[in-house]
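Listed below are the residues making up each chain.
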Amino acid sequence: MTEAERDEQLLMEPLNDSTGFYIKAGRQIGEWQTKYHKLAIYDTPQYGRIFRLDGCNMTSEREEFVYHENLIHPALTAHAAPKKVLIIGGGDGGSSEEALKHPSVEQVTMCEIDAEVIAIAKEHFFAVHRGAFDNPKLRVLIGDGMKFIRDTHERFDLIALDLNDPVGPAEALYSAEFFQLCRAVLSPGGALVLHIGAPVARPERVAELAQRLNGIFRIVRPYTMYIPLSG
């Protein structure tokens, strides 16, 4: 892990082929090439520290709660007494931190493919995970989410897919096959929650994933939330 001073720059992120947005950044805190991803952290005046993955914004200190709270709390609040939560991805710890707030939750299992994401988050993003990695209720597994779901004999009240967009290593985790596997390991009354894309920038992706989910689950309820870091 390295630290480097860089000139002020604009962090660009396309939302589709014709639109996108930028964030002004100052110091680059570090840059890493892992087995799976290129990771970078920058200081920004708007969002504090930003965690970027393969050139896309992953999370930030100041607005992470918008994404993580809305990924986790609606489903867990709707459940009478959730006990076991599975998070696929989520290496920054933000989703786990939110799930651990529910008193009935006895165990949160995080299955993250890239151990270096977790190591970097532990060192640089306490504002996101807030010490969740030290909570004895959190079990961290390093490995492929597809393989874990396929092999496990456990059942979960909530499965949260805290992933980047369905490209590259994450693409298989948005497939009908994977959704079927998730359904098979849900407890009665359990739920699967995931982000399916930006309805303005990527309406075709949202429609395709919603249709795919409707073909597998009896009840599918899309809900929308403006996530500042995702445009």
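What counts as what
Residues numbered from 1 in each chain as written. Predicted model: local features only at pLDDT ≥ 70, side-chain atom pairs only at ≥ 80, totals over all residues. Heavy atoms only, no water. Pairing = 2+ DSSP bridges. Helix = DSSP H or I, 4+ residues; strand = E, 2+ residues; numbered from the N terminus. Axes fitted to C-alpha atoms, helices over the stretch in contact; angles between N-to-C directions. Salt bridge = Lys/Arg side-chain N within 4 Å of Asp/Glu carboxyl O. Buried < 20%, exposed > 50% of the residue type's maximum accessible area, 1.4 Å probe, protein only. Core = buried A, V, L, I, M, F, W, Y, C linked by side-chain atoms within 4.5 Å. Contact = heavy atoms within 4.5 Å.

Trainee: Before we go on, may I ask you to explain the sheet that holds strand S3 (residues 28–33) in this structure?
Mentor: Neighbouring strands of a sheet are bound in pairs by backbone hydrogen bonds; such pairs are parallel or else antiparallel. The four strands lie next to each other as S3-S4-S5-S6, forming an open sheet whose pairing is antiparallel. Of all the strands in the sheet, the pair left with one neighbour each is S3 and strand S6 (56–60). In this sheet, adjacent strand axes meet at a mean angle of 20 degrees when their direction is disregarded. Pairing between strand S5 (residues 48–53) and S6: four bridges, direction antiparallel. Residue Ile50 lies in a different strand from S6, and its bridge partner there is Ser60.

Trainee: How do you make sense of the sheet that holds strand S8 (residues 107–112) when you look at a structure like this?
Mentor: Strand order in the open sheet made by the five strands is S9-S8-S7-S10-S11, with parallel pairing throughout. In the strand order of this sheet, the two ends are held by strand S9 (138–142) and strand S11 (186–194), each with one partner. Here the average twist between neighbouring strands, direction ignored, is 15 degrees.

Trainee: How should I be thinking about the pattern of salt bridges in this particular structure?
Mentor: Should the charged atoms of two oppositely charged side chains come close, the side chains can pair. For the coordinates displayed, the defined rule picks out eleven salt bridges. Glu177 is the salt-bridge partner of Arg150, the closest N and O atoms lying 3.0 Å from each other. With Arg150 in helix H5 (residues 145–151) and Glu177 in helix H6 (residues 176–184), the pair connects residues that are 27 residues apart, well separated along the chain. In this structure, Arg212 engages Glu208 in a salt bridge whose closest nitrogen and oxygen atoms are separated by 2.5 Å. Taken together, the residues span about one helical turn, with Arg212 and Glu208 both in helix H7 (residues 203–214) at a distance of four residues. Residue Glu208 is classed as partly exposed on the basis of its relative accessible area of 45%. By sharing partners, the salt bridges in this structure join Arg27, Asp43 and Arg49 into a single network.

Trainee: What's the story with the nonpolar core in this structure? I'm lost.
Mentor: Among the nonpolar cores identified, the biggest contains 28 residues, and Ile88, Ile159, Leu161, Phe178, Phe179 and Leu192 are the most heavily contacted of them. Among the secondary structure elements, those contributing two or more residues to this core are strand S7 (84–89), H5, strand S10 (156–162), H6, S11 and H7. In terms of residues, this core owes the most to one element, H7, which gives four residues. For Phe179, the residues in contact, after removing those within four places along its chain, are Leu161, Leu173, Tyr174, Leu192, Leu194, Leu209, Arg212, Leu213, Ile216 and Phe217. Ranked by size, the runner-up nonpolar core spans 20 residues in total, among them Tyr67, Met110, Ala160 and Ile227.

Trainee: Just checking my understanding: could you explain the environment of Leu161 for this structure?
Mentor: As for its placement among the helices and strands, Leu161 is situated in strand S10. Looking at Leu161, the relative accessible area reads 0%, which means it is buried. Along the sequence, Leu161 and Ile88 sit 73 residues apart, while their C-alpha atoms lie 4.9 Å from each other. Beyond its immediate sequence surroundings of up to four residues, Leu161 is in contact with Tyr67, Leu71, Ile88, Leu173, Phe178, Phe179, Leu192, Val193, Leu194 and His195.

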